[in-house]
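Below are the chains, spelled out letter by letter.
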Amino acid sequence: MKITVKLIGSFIESAGFSEKEFDVPAGATIDGLVALLAIDRTRPMIVTRNGRAMADGDAVVPGDRVAISPIYSGG
Amino acid sequence: MKGWTGRILRIDLTTKSFKTESFSEEFAHTWIGGRGFAAKILYDELAPGIDPLGPENKFIVALGPIAGIPAPNTGKAVVAAKSPSTGGYGDGNLGTKVAVQLRKAGYDALIVEGKADRPTMLVIEDDQVSFQPADAVWGQGTYETNNWIYATHGTGVGVLNIGQGGENLVRYAVVRSLEGRAGGRTGMGAVMGSKLLKAVVVRGTKPIPLADPEGMKEVGLGDLAEVHRIDKESGWSIQSTNAVLGWCNEVAALPVRNFRKTHHPDAWRVDGERLSDARVALYGCPNCTMHCGIAMHDDEGRMAELDYENVALLGPNLEIFDLAQVASLNYLCDDYGLDTMSSGCTLSFYADAIDHGATSGDFAFGDASGAKMLLGMIARREGIGDLLADGALQAARTFGHGSEAYAMQVKGLEMPAYNCKFIPGMALALGVSPIGAHHKEAWIITFELKETLRDSYGPEKAQKVIDLQRIRGGLFECMVSCRFPWIENGWPLEHYPVYFNLSTGLDWTLDDFWTVSDRIYALMKLFWLREHPQTDRTADYPPAVWFDPANVDTDGPIAGRHLEYDKYDGLLQDYYDIRGYDERGIPTRDTLTRLGLAAEATAAAEFGLLT
């Protein structure tokens, strides 16, 4: 199934893209997605879908737009 | 006494005189420094009801007990006075060599009183103070002024200066330093201007008194290097604060079109990635090893230093998605010495008021040329700029037609760049900020989305706002240190008592700082009550438009959602209950006594009811 991943901040540098469409297997979770992107799990991060946070074990569904961002404290 | 110099420099511009005063260890331990010193001095010394732009107001520069020493991000100073924006206590902090030089000159704070008889530059060199004419740069912008000072005094001095905005008493004029730094968006630049004080220049040569200078040097230098290493590893400085723009757009928290919308398909054009690509320089404050000031060339080839708040409020909030044009607006604000956030909100309100028929004019969203022209008119108080120089709330009260509902401000201070149309806890954080809408007090959006339901109004959000006020508005504003190492690069808070203890010889823990923080927040509230005796809880409400069903997003993550009055009011009550404030949002007598403010409680009873 196809989903879109939007990376924020320095995750763009580490993953090598800013926004990209991915074909992931049905039942794929946030945990699996982050592992696929080789993002450093030791860094605090927030993953959102449609403006709401997702937990590691949450599954993505077709058409999702998933944003993965480091934690910030404002500007 | 170690850690503090124990001395305050008091300067009277009217009589061109100065004197040095000492303060006690008890005072230092009770208020720590920075915001704590400033709030206490202003509360004690200002008569109720004075004109914030009159000679009776006092302009304060206050440092913390780790200011100027080589430790992470200690090159900052607090500037404070009664605010011309809110009428309450006002302050701000900025990165400046004054933090180093004033401490080396032997002072923890500077109090400037009265009014000069001509444009003046104060020059402080250790124990000497001179009052030098500044007519040559009166009417000039902050860049020209800074260069003029450097040409005379060298680039090593600490400088605070104002532009035309401060000279002409724009109520959101800021104090500028180091070409790219600004602070005091509560109108501290206007307070300087009201005193005909164009600049403060400081040079010091004395050692800073430390309890354990060798220990401080070893820990401080080591930690500066470590923060630098972590920043290189994390990559935070690559996009710096403007990385937040892309995230806010994703989670529907971006101010677009005077906060009418929360996201926009063109936001990427001005996001952190684009700013990083355009970068020509990176600036930081003294004693900083994780710089945040990304500079780029604007559409006229001038170097402008941008960060998230500036870009969001001068860009998407005005529906301007050309980064070079946003940089140009940013440059003009900096040169005029106008707060970028309040400028963006005031201009967006003006466009919105025209759009909704509350007033007439030829300015519209997306009009970068018009925005540039208006900034100049504001700085010079020409035409409509004279009204807009008083801020969005005053403009709304003049325009009428219900426009106050979408003047994006709290207590008279315009919003930072977080659209809380459907972020209840962050709306509370902005509502209860004691200096008006400012994100430096508490920023809970990540917590709110990640650790709670976005839709909820539970007391855990009120508690989180208080926890963050203690850290951000208390610890960092009293020590006067930058908060960015803490979250952005995961630098543990526990380092800060270590710096404090090495500096002072005390044995404090973080809990000791929370007590002082609560005391300061209570005192700022008493200041507010003294100036606004009829105040009630509505002073802690965000703008009405966030509650308006007619203003909901029609698409995106929060389509159809808005804040709800009764639930927000319940959340506000939770905040008051945890803090020990009454239903008007004023600390109770018991709370004041518990915080060591019994004498202030007694005095407060004379100007307003305490419960």
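Here the structure is a predicted model, which is why all the values come from computation and not from measurement.

**Regarding the overall build of chain A**
Move 1: Across its full length, chain A holds two helices and five strands.
Move 2: Start at the N end of chain A and walk to the C end: the helices and strands fall as β-α-β-α-β-β-β.
Move 3: Taken over C-alpha atoms, the radius of gyration comes to 12 Å for chain A, in line with the 11 Å a tight globule of 75 residues would show.
Move 4: By its C-alpha atoms, chain A is 35 × 25 × 20 Å across when sized along the principal axes.
Move 5: Sorting the 75 residues of chain A into buried and exposed places 35% on the buried side.
Move 6: Summarising the internal contacts of chain A: among those between residues at least 6 apart in sequence, 61% fall at separations of at least 24.

**Topic: the pairing of strand S5 (residues 65–70) of chain A**
Residue and element names in this part refer to chain A.
Move 1: Counted residue by residue, S5 has five buried out of six residues, so it is predominantly covered.
Move 2: Both strand S1 (residues 2–7) and S5 contribute to a ladder of four bridges, which runs parallel. Within S5, the residue paired with Thr4 across the bridge is Arg65.
Move 3: Note: strand S3 (residues 45–49) against S5, five bridges, orientation antiparallel. By the bridge assignment, Met45 is partnered in S5 with Pro70.

**Here we look at the interface of chain B and chain A**
Move 1: Taken together, the 31 residues of chain B in the interface contact 22 residues of chain A.
Move 2: At the level of elements, helix H8 (236–239), helix H9 (243–250), helix H10 (272–278), helix H11 (308–314), helix H18 (445–451) and helix H20 (484–488) of chain B are the ones that each hand at least two residues to the side of chain B that touches chain A.
Move 3: The greatest single-element share of the side of chain B that touches chain A, amounting to five residues, is contributed by H9(B).

Rules used in this analysis
- Residues numbered from 1 in each chain as written.
- Chains lettered and ligands numbered in written order.
- Predicted model: local features only at pLDDT ≥ 70, side-chain atom pairs only at ≥ 80, totals over all residues.
- Helix = DSSP H or I, 4+ residues; strand = E, 2+ residues; numbered from the N terminus.
- Rg over C-alpha atoms; globule rule 2.2 N^0.38 Å.
- Buried ≥ 20, exposed ≤ 12 C-beta atoms within 10 Å, placed from the backbone.
- Contact = placed C-beta atoms within 7 Å.
- Pairing = 2+ DSSP bridges.

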